[in-house]
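# Descriptive structure summary
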Amino acid sequence: MIIDVVTLFPSMFSGVLGESILKRAQEHGQVKVNLLNLRDFSKDKHKKVDAAPYGGGPGMVIMAEPVFEAVEHLRKNGREESFLVLLTPGGVRYDQTLAQELSKQPGIILLCGHYEGFDERVSQGLSPLEVSIGDFVLTGGEVPAMVLLDSVVRLVPGVLGSQESLVEESFSSGALEYPQYTRPPEVRGMAVPEVLTSGDHGKVAEWREQKSQEKTRARRPDLSEKARRKKYRQI
Ligand code: ADE
């Protein structure tokens, strides 16, 4: 999978891309991440990419033309089929289902806004999927793009080793994950639940399912209801 990121701040990505699973996935050739500086697509002699909003108001708006140029450059260079995403707090809410859908794409182009966002004609002309990572406003689309990158890359087949299995994690089943414990058996007076050291795999599975459900009901009743409806539909 090729992931192209169009941003005014490419260096923000080096930490996230240079460590852990994202680093390994690139080294193994499972994903290629290509950072493009939007300024390189400006036709202005000062490489300007933003301007004051028509109608007045605070801040600056990213001009449409450099974004069109960047996307056209990519389309002409093997990215005909890449799925176009624009990060904005006004987009559809990102979740694990969307991450799974994106992980099946041959490529993704991520457009990161900054300042007061993009000229609306970017959306009009390119019809990207507009995505928000949550109901809060960040300084730009870079951190959301990293969130999306991380969550998608780990779902690309072969990226996670068998030790990092996807099977039982939060959200994949529509519920939050059960609590985990490791050595030693007692920490500051707090013991590991006995069932986990009993060696009875059936009991362990039952306990985990129960804890997962309790946690989901308490913290995320919305997910609990969604999982219940999903189960009902399967019957
Ligand atoms: N840009 C600024 N805030 C954002 C958010 N919450 N999601 C996606 N892009 C953003």
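The rules behind each value
- Residues numbered from 1 in each chain as written.
- Predicted model: local features only at pLDDT ≥ 70, side-chain atom pairs only at ≥ 80, totals over all residues.
- Heavy atoms only, no water.
- Near = heavy atom within 4 Å.
- Polar contact = N/O pair within 3.5 Å; in protein donor to acceptor, adjacent residues only side chain to side chain.
- Helix = DSSP H or I, 4+ residues; strand = E, 2+ residues; numbered from the N terminus.
- Nonpolar A, V, L, I, M, F, W, Y, C, P; charged D, E, K, R; others polar.
- Domains from an automatic or database assignment.
- Pairing = 2+ DSSP bridges.
- Axes fitted to C-alpha atoms, helices over the stretch in contact; angles between N-to-C directions.
- Contact = heavy atoms within 4.5 Å.
- Salt bridge = Lys/Arg side-chain N within 4 Å of Asp/Glu carboxyl O.
- Buried < 20%, exposed > 50% of the residue type's maximum accessible area, 1.4 Å probe, protein only.
- Expected span 1.5 Å × (residues − 1).
- Patch = residues over 30% accessible without salt bridge, like charges linked within 9 Å, V, L, I, M, F, W, Y side chains within 5 Å.
- Areas by Shrake-Rupley, 256 points an atom, 1.4 Å probe, with all protein chains shown as cover.

## Describing the site of the ligand
- Around the ligand, the structure places L87, T88, P89, V131, S132, I133, G134, F136, V137, L138, G140 and P144.
- Here T88 contributes a backbone N or O atom positioned 3.2 Å from a nitrogen atom of the ligand.
- Between a nitrogen atom of the ligand and a main-chain N or O atom of F136, the distance comes to 2.8 Å.
- Listed by contribution, the elements that provide at least two residues to the shell around the ligand are β5 (83–93) and β7 (129–132).
- In terms of residues, the shell around the ligand owes the most to one element, β5, which gives three residues.
- Looking at the shell around the ligand, its residues break down into eight nonpolar, four polar and no charged.

## A look at the domain arrangement of the chain
- Along its sequence, the chain is carved into domain 1 (2–153) and domain 2 (163–234).
- Of note, the centres of domain 1 and domain 2, computed from C-alpha atoms alone, are 35 Å apart.

## Quick word on the sheet that holds β7
- The five strands are arranged β2-β1-β6-β5-β7 in an open sheet whose pairing can be described as parallel. Only two strands of the sheet have a single neighbouring strand rather than two, namely β2 (32–37) and β7. On average, each strand axis in the sheet is tilted by 30 degrees relative to the strand beside it, whichever way the strands run.
- Direction of pairing for strand β1 (residues 2–7) relative to strand β6 (residues 107–112): parallel, over a ladder of five bridges. Looking across to β6, one finds that I3 is bridged to I108.
- Against the sheet, helix α6 (residues 142–153) touches β1, β2, β5, β6 and β7, its axis set at about 160 degrees to β6.

## Topic: the pattern of salt bridges
- Enumeration according to the criterion identifies nine salt bridges in this entry.
- D135 is the partner of R93 in a salt bridge, and the nearest nitrogen-oxygen pair spans 2.9 Å. Remark: D135 occurs in the loop between β7 and α6 and R93 occurs in strand β5; sequence separation between them is 42 residues.
- On the basis of relative accessible area, D135 is assigned to the exposed category, the value being 66%.
- For D222, the salt bridge is made with R220, and the minimal N-O distance between the two is 2.9 Å.
- Since its relative accessible area comes to 44%, D222 is described here as partly exposed.

## Points about α6
- Under the 1.5 Å per step criterion, the end-to-end length of α6 is 16 Å for 12 residues, consistent within 8% with the ideal 16 Å.
- Burial analysis of α6 places nine of its 12 residues in the buried class, the great majority of the element.
- Considered for burial, the residues of α6 that qualify are E142, P144, A145, M146, L148, L149, S151, V152 and V153.

## Points about unusual backbone geometry
- The residue after R183, namely P184, is reached through a cis peptide bond having omega -5 degrees.
- Locating P184 in the fold gives a position in the loop between α6 and β8 (186–187).
- The backbone of S127 shows a phi angle near 45 degrees, a positive value even though the residue is not glycine.
- Following the sequence through the fold, S127 ends up in the loop between α5 (121–126) and β7.
- You will see that R188, though not glycine, has its phi angle at about 50 degrees, which is positive.
- Of the residues examined, R188 reaches a relative accessible area of 82% and is grouped as exposed.

## Points about a nonpolar patch on the surface
- On the surface, M12, F136, L138, V143 and V147 cluster together into a nonpolar patch covering about 390 Å² of accessible area.
- Take M12: it is sitting in the loop between β1 and α1 (14–17).
- Look at M12 and you get partly exposed, because its relative accessible area is 37%.

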